[in-house]
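So you can see what is in the structure, the chains are spelled out below.
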Amino acid sequence: FNTSPSSSCVQVSQYACQRRTPLQDINQIFTDAFEILAENCEFLGNKELCKSFLRASAVLKSLRFPIATMKDLDGLPLLGNEMKTIIEEILEDGKCARVLDVINGERYKSFKLFTSIFGVGLKTSEKWFRMGFRTLEEIKNNPEFKFTKMQKYGFLHYEDITSYISKSEALEIYDFVRDIILKLVPDAVVTLTGGFRRGKERGHDVDIIITCPRKEKEKSILHNTITILKNQGLILFYDINESTFVETKLPSKKVDALDHFQKCFIIFKLVKEGVGATNIKDNEMESKNWKAVRVDFVITPYKQYAYALLGWTGSRQFERDLRRYATNEKKMMLDNHGLFDKTKNVFLDAYTEEDIFEHLGLEYLEPWDRNA
Ligand code: ATP
Ligand code: MN
Ligand code: MN
């Protein structure tokens, strides 16, 4: 895969699912620029251009060599003139004026800030921006505002939630939760997914996917686990979404559609051993011995587990390309619940991620090669 610049023998695929994308991104100076521009398009509601920037960024992330000259771009897909101009500017100046304009712009700065609050999405950000708000203080202290419970807790734990979670913190929570679940259902399958499964050292939340090979036995797990965690005082906030999954429903045509599994969005209280009473800085308040951490639980029937695991492992761009590949190249429909073959009119069963790649005629990619 793409080990040398301008090597005409290797064709780079336009789909991330046909490329290896490890965590280490040696073209970050370019991909960061594209991702900021993509995010700005998202904030402006320009979905098409957003997609183009993200696809261009993903192509560069898969390269094993740093872009050093414009010649290095020969033969690469998805890099139109707009993309090339940006790369050229960064090669010449080390920066791109358009990106600087974006990050210093009012709209981008405000949306970045507002969407960093748990429970605040594009719609709410747009509303607050139009109302003229620019800082969190203006919003938080506004007596006229009605916040959702999620947003209320988002403000309450803002500092903790917006700071990074380390891999060891994620593993600590995962081990703790898995032990509880296995005591309830000994043959449950509990897997750490999301970015940490792709090998990331830091993340913004901890994603945990849960199933059980015995039919329907997964159904009791979520409520019982939450009850135990609540009784131990380890839940600062939780919001359970019950399953709306219907087995006969065709996979969604929307690439970014949410899935229908039972899930729970949590703010978990991670207690740090040995921190607290003994850790008093001179004249300062005692530092708190815990940290609020965002945790997602998703519970799936065993039959859909492989699809859900593949979907929740990400990256988001990798998932989009998998679906686009299934639709455009295979006449199949893929989502977090299954894969439908439109030619044969059947759902294809899969019990491992390898099965799914095989159904799609793709070479298997390990989670750590899916960092598109
Ligand atoms: P990080 O959490 O460190 O920012 P991540 O890759 O784990 O990175 P998440 O937002 O946690 O990002 O999402 C993990 C994966 O799960 C993504 O690929 C995303 O497509 C999928 N995902 C996240 N939330 C949902 C949801 N509500 N329904 C379906 N899929 C989801
Ligand atoms: Mn995550
Ligand atoms: Mn998540």
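Values in this document were obtained by computation on a predicted structure and should not be read as measured data.

1. Describing the site of ligand 1
Near ligand 1 there are 16 residues, and of these G194, G195, G203, H204 and G314 occur at the shortest range. Of all the secondary structure elements, the ones that give two or more residues to the shell around ligand 1 are helix 11 (194-197), helix 13 (305-313) and helix 14 (316-330). Broken down by class, the residue content of the shell around ligand 1 amounts to two nonpolar, eight polar and six charged.

2. Concerning the domain arrangement of the chain
What the domain assignment lists for the chain is domain 1 (16-102), domain 2 (115-156) and domain 3 (166-245 + 260-302). A C-alpha centroid distance of 26 Å is found between domain 2 and domain 3.

3. Overview of the packing of helix 1 (residues 28-44) against helix 3 (residues 81-93)
The N-to-C vectors of helix 1 and helix 3 enclose an angle of 135°; their axes lie 10 Å apart at closest approach. Taken together, the axes of helix 1 and helix 3 lie oblique to each other. The hand of the helix 1/helix 3 crossing is right-handed. Note on element contacts: helix 3 touches helix 1 through I86, I87 and I90, opposite I29, F30 and A33.

4. Observations regarding helix 14
Helix length check: helix 14 (15 residues) gives 20 Å between terminal C-alpha atoms against 21 Å at 1.5 Å per residue, within 8%. What helix 14 keeps buried is the set Q317, F318, E319, R320, D321, L322, R323, Y325 and A326. Phi for K331, located one or two positions after helix 14, is positive at around 50°.

The rules behind the values
- Residues numbered from 1 in each chain as written.
- Chains lettered and ligands numbered in written order.
- Predicted model: local features only at pLDDT ≥ 70, side-chain atom pairs only at ≥ 80, totals over all residues.
- Near = placed C-beta within 6 Å.
- Helix = DSSP H or I, 4+ residues; strand = E, 2+ residues; numbered from the N terminus.
- Nonpolar A, V, L, I, M, F, W, Y, C, P; charged D, E, K, R; others polar.
- Domains from an automatic or database assignment.
- Axes fitted to C-alpha atoms, helices over the stretch in contact; angles between N-to-C directions.
- Parallel < 35°, antiparallel > 145°, perpendicular 65-115°, else oblique.
- Left-handed = near helix turned anticlockwise from the far one by under 90°.
- Contact = placed C-beta atoms within 7 Å.
- Expected span 1.5 Å × (residues − 1).
- Buried ≥ 20, exposed ≤ 12 C-beta atoms within 10 Å, placed from the backbone.

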